[in-house]
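Here are the chains, one letter per residue:
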Amino acid sequence: MHPYSRIQRIATRNESLTQVHQLQIYTESHLEDISQIRQLPAPQRRAMHAVAKVLPFRVNRYVIEELIDWSNIPDDPIFQLTFPQQGMLSPEDFEYIASLMDKGGDTKQIQIAANEIRLRLNPHPAGQRALNIPYLEDKRLEGMQHKYRETVLFFPSQGQTCHSYCTFCFRWAQFIGDKELRISAHEATHLHRYLKQHREVTDLLITGGDPMVMKTRHLANYLEPLLAPEFEHIQTLRIGTKSLTFWPHRFVLDSDADDLLRLLAKLVDQGKHVAIMAHYNHWREMDTPIAREAIRGLRDTGAIIRSQSPLVAHINDDAATWARLWKTQVHLGIVPYYMFVERDTGARHYFQVPLARAWEIYRDAIQQVSGVARTVRGPSMSTSPGKIEVQGVTEIYGEKVFVLRFIQGRNPEWVQRPFFARYDERATWLDDLQPALGTQPFFFQAEYDTMLDSLTQH
Ligand SMILES: *Cc1c(COP(=O)(O)O)cnc(C)c1O
Ligand code: SF4
């Protein structure tokens, strides 16, 4: 029996896999159609509308019915993950938008105000736009990023949305409909030509948005050609996704779910390493029967699921949650991979956790799990010079310091060299850190500045 007929059988036989079968999406204009929301007090609903005018909001009925615990509002982590909260805007910005709404301001007026606020929320952190765009014969490839030698990121144009949105998303600027801010590619041709010419690349990471919102045939257009001999150097095909959380139906019940699993199995059978880079913030996301079935189906294809997620206040800023997240993942055959520090963008003041606290949470959680769950690298900042991990806090000759290392660097030679920053219990990002032990500046700074000069001259 072909392994995927098994999934079909389970899906049709076991109606209790999920109550929800169709992807039904709600945005700000349909907030009041959600019966659970209509029960909330008017000021709370007003606040949600106001925040959703500025930050992306999109949620589907599976998340509402099967992931959120409505007896625990507003603290429920999945509610915080998907629904706008007043604190996500500064009090001034919030009052500004809310008062325009109260005065019955027209859509245009509100939109202008919302845009002003968005521009102040650092829509493109870590110089993503200007600095990492690759060139093909002098043509900018807008839908791609190539920052670290081995890995090319590709943003397919059909994958620039998600089945729901995360309130803390660092790619939020892509969703607010501002074409100017959107990064996306129009065709597979550029991708394939670029990869053919760049033999140093071993990994392609398809990302978004969420590439799993795409139909299987679109995904196949990008991925299947890579089985040809001229792409032998592309060993690993990674797909970044939160669909295992927001729409596990994609792998079980959707009309092209079987085709998707067959596509992945074919890539694996023909020698590629297929890595599903699953975005999970909380163990509750893996708790429904359909989520488990999706994981099982994906693993049957031979793909490996790795998990990565940011540490964010209001959702997962405690060690017990992370320990249980990693234990659940290892139990289900998922490899814990990265814990990220929330980026310096969007509603960051609401979600941020100081680096010192993030490291304590990581340490306390890692102490509770077995070695197979300790594959996860802990709190890492995706900064413009590279991915920097906080390895710990210690004291050297009486000076309290952070021990840091690059996990990825614009220059691969920066990787794995320990360096130190002065301890600061409030620091939340690299910008807040100063070199320690009398050294100035950080070892990579001069070289990074030179790189910036040459990159911005393009
Ligand atoms: C994180 C990241 C990668 C992948 O890094 P790995 O450590 O190989 O997972 C690639 N490109 C960019 C821009 C990244 O931020
Ligand atoms: S799934 Fe990823 S890209 Fe989509 S909203 Fe969440 S963090 Fe952003």
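Residues numbered from 1 in each chain as written. Chains lettered and ligands numbered in written order. Predicted model: local features only at pLDDT ≥ 70, side-chain atom pairs only at ≥ 80, totals over all residues. Heavy atoms only, no water.

Peer 1: Lay out the domain arrangement of the protein in plain terms, naming residues and giving numbers.
Peer 2: For the protein, the assigned domains read domain 1 (19-119) and domain 2 (383-458). For domain 1 and domain 2, the distance between their C-alpha centroids amounts to 37 Å. (Domains from an automatic or database assignment.)

Peer 1: Just give me the short version of the site of ligand 2, but keep the residues and values in it.
Peer 2: Close to ligand 2 lie Cys162, Tyr165, Cys166, Cys169, Phe175, Gly209, Lys242 and His279, which account for all nearby residues. Residues that form the shell around ligand 2 fall into these classes: five nonpolar, two polar and one charged. (Near = heavy atom within 4 Å. Nonpolar A, V, L, I, M, F, W, Y, C, P; charged D, E, K, R; others polar.)

Peer 1: Can you tell me about the site of ligand 1, naming the residues and giving the values?
Peer 2: As a structural note, the neighbourhood of ligand 1 is formed by Lys147, Tyr148, Thr151, Leu153, Arg238, Tyr337, Tyr338, Lys387 and Gln408. A distance of 2.8 Å is found between an oxygen atom of ligand 1 and a side-chain nitrogen or oxygen belonging to Arg238. Within the side chain of Tyr337, a nitrogen or oxygen atom sits 2.7 Å from an oxygen atom of ligand 1. Within the complex, 88% of the 380 Å² of free accessible area of ligand 1 lies under protein. Those elements that provide at least two residues to the shell around ligand 1 are β5 (144-148), β6 (151-154) and β11 (335-341). Looking at the shell around ligand 1 residue by residue, the classes come out as four nonpolar, two polar and three charged. (Polar contact = N/O pair within 3.5 Å; in protein donor to acceptor, adjacent residues only side chain to side chain. Areas by Shrake-Rupley, 256 points an atom, 1.4 Å probe, with all protein chains shown as cover. Helix = DSSP H or I, 4+ residues; strand = E, 2+ residues; numbered from the N terminus.)

Peer 1: Help me get a handle on the UniProt feature "modified residue: N6-(pyridoxal phosphate)lysine" (unreviewed entry) in the protein, residues and values and all.
Peer 2: As annotated in UniProt, the feature "modified residue: N6-(pyridoxal phosphate)lysine" (unreviewed entry) corresponds to Lys387 in the numbering used here. Residue classification places Lys387 among the buried positions, given a relative accessible area of 14%. Apart from the residues within four sequence positions on either side, Lys387 is in contact with Tyr148, Tyr338, Phe340, Met381, Ser382, Arg405, Phe406, Ile407 and Gln408. (UniProt positions renumbered as here; feature names shortened; annotations may be inferred. Buried < 20%, exposed > 50% of the residue type's maximum accessible area, 1.4 Å probe, protein only. Contact = heavy atoms within 4.5 Å.)

Peer 1: Before we move on, can you summarise the packing of aromatic side chains with the specific residues and values?
Peer 2: Under the definition given, this model contains 22 aromatic pairs. Where Trp70 meets Phe79, the ring centres are 5.6 Å apart and the plane angle is 70 degrees; that geometry is what we call edge-to-face. On the accessibility criterion, Phe79 (0% relative accessible area) is buried. Seen from their ring centres, Phe79 and Phe83 are 5.1 Å apart, and the 25 degrees between their planes marks the pair as stacked. As far as the burial class goes, Phe79 and Phe83 line up, both buried. Pairwise contacts between aromatic rings join Phe406, Trp414, Phe419, Phe442, Phe443 and Phe444 into one cluster. Sitting above the plane of the Trp359 ring, Arg363 keeps its charged end 4.8 Å from the centroid. (Phe/Tyr/Trp six-rings, centres within 6.5 Å; stacked < 30°, edge-to-face > 60°. Lys NZ or Arg CZ within 6 Å of the ring centre and 35° of its normal.)

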